[in-house]
Amino acid sequence: MDGVYDILITIFGDRASSMIALMVFLAAAVLAFGVMAAAHARSSVKRRAAGIAEYSGEREAAEKNSLRGSSVRAVQRLLDYTTKHYSADQGGGDAKILRRRMIQAGIFDSRAVAFFFIARTVLAVGLGVGAFVLLPTLLTQKPSMFWLSVMAAGIIGYLGPSFYIDRRISKNKDEHRSGFPDFLDLMVVCADSGLSMEAALERVGRELGDAYPSLCANIHMTNLEIRAGKSMTDALEHFGDRLGLEEARAFATLIQQSAELGSSITEALRVYSDDMRHKRLSRAEEKAYSLPAKLSLPMMLCIFPTIFVVILLPVVVRLYTGNY
């Protein structure tokens, strides 16, 4: 400290004491200003947070009392009641079958059954009412045909969700059947490299994500079931049920028997993979062999009449004009 004072005396001379007092004053002023600025900023933040909370509370109260909030609460109560009434535990065998179909279609939401019944009811009533209102303005029909059209529109709305679910199931089954041999080939590669079944499933699920998204989602669910504590056999049985393929169920049985008998899972997977590859080739050959039979009817209806017209039209024209 004495050294600093000597330096200041050397620089400022007799004014060194005044400069020290000025620096102390400036330091105290800066410190006080910083404390005041921090306190002011904190109080401003508190006021803004209080205003936002008050505004949010008023907004939530206004939304609850509005028509939109009442509609949302009514729809939520309807979904809760339908989910509780038509759940797999409460609805009996039909609800379990419908839930299984939803899973096979790739719809894993727990409220899917409720949405299905609500959509079926709304479509049936909506299409029936729409046909009842619009048909008299668009077409002139007899009363019997009018009521028949209204009934047909209601039936179409009632059966529409079922057709949609069946179409999604068929599309997913085609994807699963096409990707299952690739899944087994990758499982063989992972087993040869020394990975366990759990690690192989996780690795294969990542590799097949772009080509077969539905199959990848089911593989990921199988991994989650195994992590949750289910045995490999139960998880693979559920995997086969979700895919809806006999090949997947046979794969689960193969893994179970290999584990029980103590045989090599790698060899079993290799043999089963070759079998799946031959089955896929057989299906492709079957489609190729059935193509001529499928083309015979379009050829008879579309191509042969055109050929007959092109060949016989000049003869008919000459006979008609007498220039033959």
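The rules we used
- Per chain, residues are indexed from 1 in the order of the written sequence.
- Since the coordinates come from a predicted model, pLDDT governs what is reported: local features require at least 70, and pairs of side-chain atoms require 80 or more to be given and counted, while whole-chain, interface and lining totals use all residues.
- No hydrogens and no water enter the side-chain calculation; it runs on all heavy atoms of the structure.
- Segments assigned H or I by DSSP are reported as helices when at least four residues long, segments assigned E as strands when at least two residues long, and all are numbered from the N terminus.
- Summary of the burial criterion: residues with accessible area below 20% of their type's maximum are buried, those above 50% are exposed, and those between are partly exposed, where the area comes from a 1.4 Å probe applied to protein chains only.
- Here the accessible surface of atoms and residues is derived via Shrake-Rupley with a 1.4 Å probe, and residues count as covered only by protein chains that are part of the display.
- Here, axes are lines fitted to C-alpha atoms. For helices the fit covers the stretch in contact, and angles between N-to-C directions go from 0 to 180 degrees.
- Oblique is the label for every angle not falling under 35 degrees (roughly parallel), over 145 degrees (roughly antiparallel), or within 65 to 115 degrees (roughly perpendicular).
- Each helix crossing is assigned a hand: it is left-handed if the near helix lies turned anticlockwise from the far helix by less than a right angle, otherwise right-handed if that turn is clockwise.
- We call two residues contacting when some pair of their heavy atoms lies within 4.5 Å.
- Classes in brief: Ala, Val, Leu, Ile, Met, Phe, Trp, Tyr, Cys and Pro nonpolar; Asp, Glu, Lys and Arg charged; the others, Gly included, polar.
- Aromatic pairing here means that ring centres of Phe, Tyr or Trp (its six-membered ring) are within 6.5 Å. Orientation follows from the plane angle: under 30 degrees is stacked, over 60 is edge-to-face, and everything else is tilted.
- Here, nonpolar core means buried Ala, Val, Leu, Ile, Met, Phe, Trp, Tyr and Cys residues that are tied together by side-chain atoms lying within 4.5 Å of each other.
- The length a helix should cover is 1.5 Å for every residue beyond the first.
- This arc is built from the directions going out from the helix axis to the C-beta atoms.
- Here, a salt bridge means any Lys or Arg side-chain nitrogen found within 4 Å of an Asp or Glu carboxyl oxygen.
- The pLDDT score gives, residue by residue, the confidence of the prediction method on a 0 to 100 scale.
- Bend angle per residue: angle between axes fitted to the 7 residues ending at that residue and the 7 residues starting there.

What to know about the overall build of the protein
At step 1: Broken down by element type, the protein carries eleven helices and zero strands.
At step 2: Listing the helices and strands of the protein from first to last along the sequence gives α-α-α-α-α-α-α-α-α-α-α.
At step 3: Expressed as a percentage of its 324 residues, the buried residues of the protein come to 25%.
At step 4: Summed over its atoms, the accessible surface of the protein is roughly 22,300 Å², and 65% of this surface lies on carbon and sulfur atoms.

Quick word on the packing of helix H6 (residues 143–192) against helix H11 (residues 265–321)
At step 1: At their nearest, the axes of H6 and H11 sit 9 Å apart, and the two run at 155 degrees to each other. Classed by the angle they form, the pair H6 and H11 counts as roughly antiparallel. By crossing handedness, the relation of H6 to H11 is classed as left-handed. Each of Arg177, Ser178, Phe180, Pro181, Asp182, Leu184, Asp185, Met187, Val188, Ala191 and Asp192 in H6 lies in contact with H11, whose residues at this interface are Thr266, Leu269, Arg270, Tyr272, Ser273, Met276, Arg277, Arg280 and Arg283.
At step 2: Classifying every residue of the contact of H6 with H11 by side-chain character gives nine nonpolar, three polar and eight charged.

So, the packing of aromatic side chains
At step 1: Evaluation of the coordinates by the stated rule reveals six aromatic pairs.
At step 2: Ring geometry for Phe180 versus Phe251: centroids 6.0 Å apart, planes at 80 degrees, classification edge-to-face. Placement of the pair is Phe180 in helix H6 and Phe251 in helix H10 (residues 246–261), with a sequence separation of 71 residues.
At step 3: Relative accessible area serves as the criterion here: at 2%, Phe180 is assigned to the buried category.
At step 4: Classification of Phe251 as buried rests on a relative accessible area of 0%.

Quick notes on the nonpolar core
At step 1: Formed by 29 residues in total, the largest nonpolar core has its most connected members in Phe180, Phe183 and Phe251.
At step 2: Secondary-structure elements contributing two or more residues to this core are H6, helix H7 (197–207), helix H8 (213–227), helix H9 (232–243), H10 and H11.
At step 3: If you tally residues by element for this core, the top one is H6, at seven residues.
At step 4: Those residues in contact with Phe180 that lie beyond four places of it in its chain are Leu215, Phe239, Leu243, Glu247, Ala248, Phe251, Tyr272 and Met276.
At step 5: Ranked by size, the runner-up nonpolar core spans nine residues in total, among them Met102, Ala105, Ala112 and Phe117.

Considerations on H9
At step 1: In a regular helix each residue adds 1.5 Å, so twelve residues correspond to 16 Å; H9 covers 16 Å between its end C-alpha atoms and thus fits that length.
At step 2: All of the buried residues along H9 are Met232, Ala235, Leu236, Phe239, Gly240, Arg242 and Leu243. Seen end-on, H9 carries its buried residues on one side only, within an arc spanning 160 degrees.
At step 3: At the exit of H9 stands Gly244, carrying a positive phi of roughly 75 degrees.

Points about the pattern of salt bridges
At step 1: Summed over all chains, the structure comprises 14 salt bridges.
At step 2: Here Arg242 ties to Glu225 by a salt bridge, and the two come within 3.1 Å at their closest N and O atoms. Of this pair, Arg242 sits in helix H9 while Glu225 sits in helix H8, placing them 17 residues apart in sequence.
At step 3: Asp274 serves as the salt-bridge partner of Arg277, at 2.9 Å between the closest nitrogen and oxygen.

A closer look at the environment of Ile169
At step 1: Note that Ile169 resides in helix H6.
At step 2: The spacing of Ile169 and Gln104 is 65 residues in sequence and 5.8 Å in space, taken between C-alpha atoms.

A few points about the environment of Asp109
At step 1: Relative to the elements of secondary structure, Asp109 occurs in the loop between helix H4 (92–104) and helix H5 (112–138).
At step 2: Overall, the relative accessible area of 33% leaves Asp109 in the partly exposed class.
At step 3: Taking C-alpha positions, Asp109 is 9.8 Å from Arg99, a pair spaced ten residues apart along the chain.
At step 4: Excluding residues that lie within four positions of it along the chain, Asp109 makes contacts with Arg99 and Phe115.

Quick notes on the environment of Arg111
At step 1: You can see Arg111 is positioned in the loop between H4 and H5.
At step 2: Once the C-alpha coordinates of Arg111 and Arg99 are considered, the two residues, twelve residues apart in sequence, prove to be 9.7 Å apart.

Structural notes on the confidence of the model for the protein
At step 1: For the protein, per-residue confidence averages 77 on the pLDDT scale, and 75% of positions sit at 70 or higher.
At step 2: Ranking the elements of the protein by mean pLDDT puts helix H1 (residues 2–12) last, at 53, and H8 first, at 88.

Quick word on H11
At step 1: An ideal rise of 1.5 Å per residue puts 84 Å on 57 residues; H11 measures up with 82 Å between its terminal C-alpha atoms.
At step 2: Along H11, the sharpest change in direction is near 50 degrees and occurs at Met299.
At step 3: All buried positions along H11 are accounted for by Thr266, Ala268, Leu269, Tyr272, Ser273 and Met276.
At step 4: Buried-residue contacts for H11 involve H6 and H10.
At step 5: Just downstream of H11 lies Gly322, where phi reads positive at about 80 degrees.

Thoughts on the side chain of Glu247
At step 1: By secondary structure assignment, the location of Glu247 is in helix H10.
At step 2: Among all residues touching Glu247, those that are not within four sequence positions of it are Arg177, Phe180, Tyr272, Met276 and Arg283.

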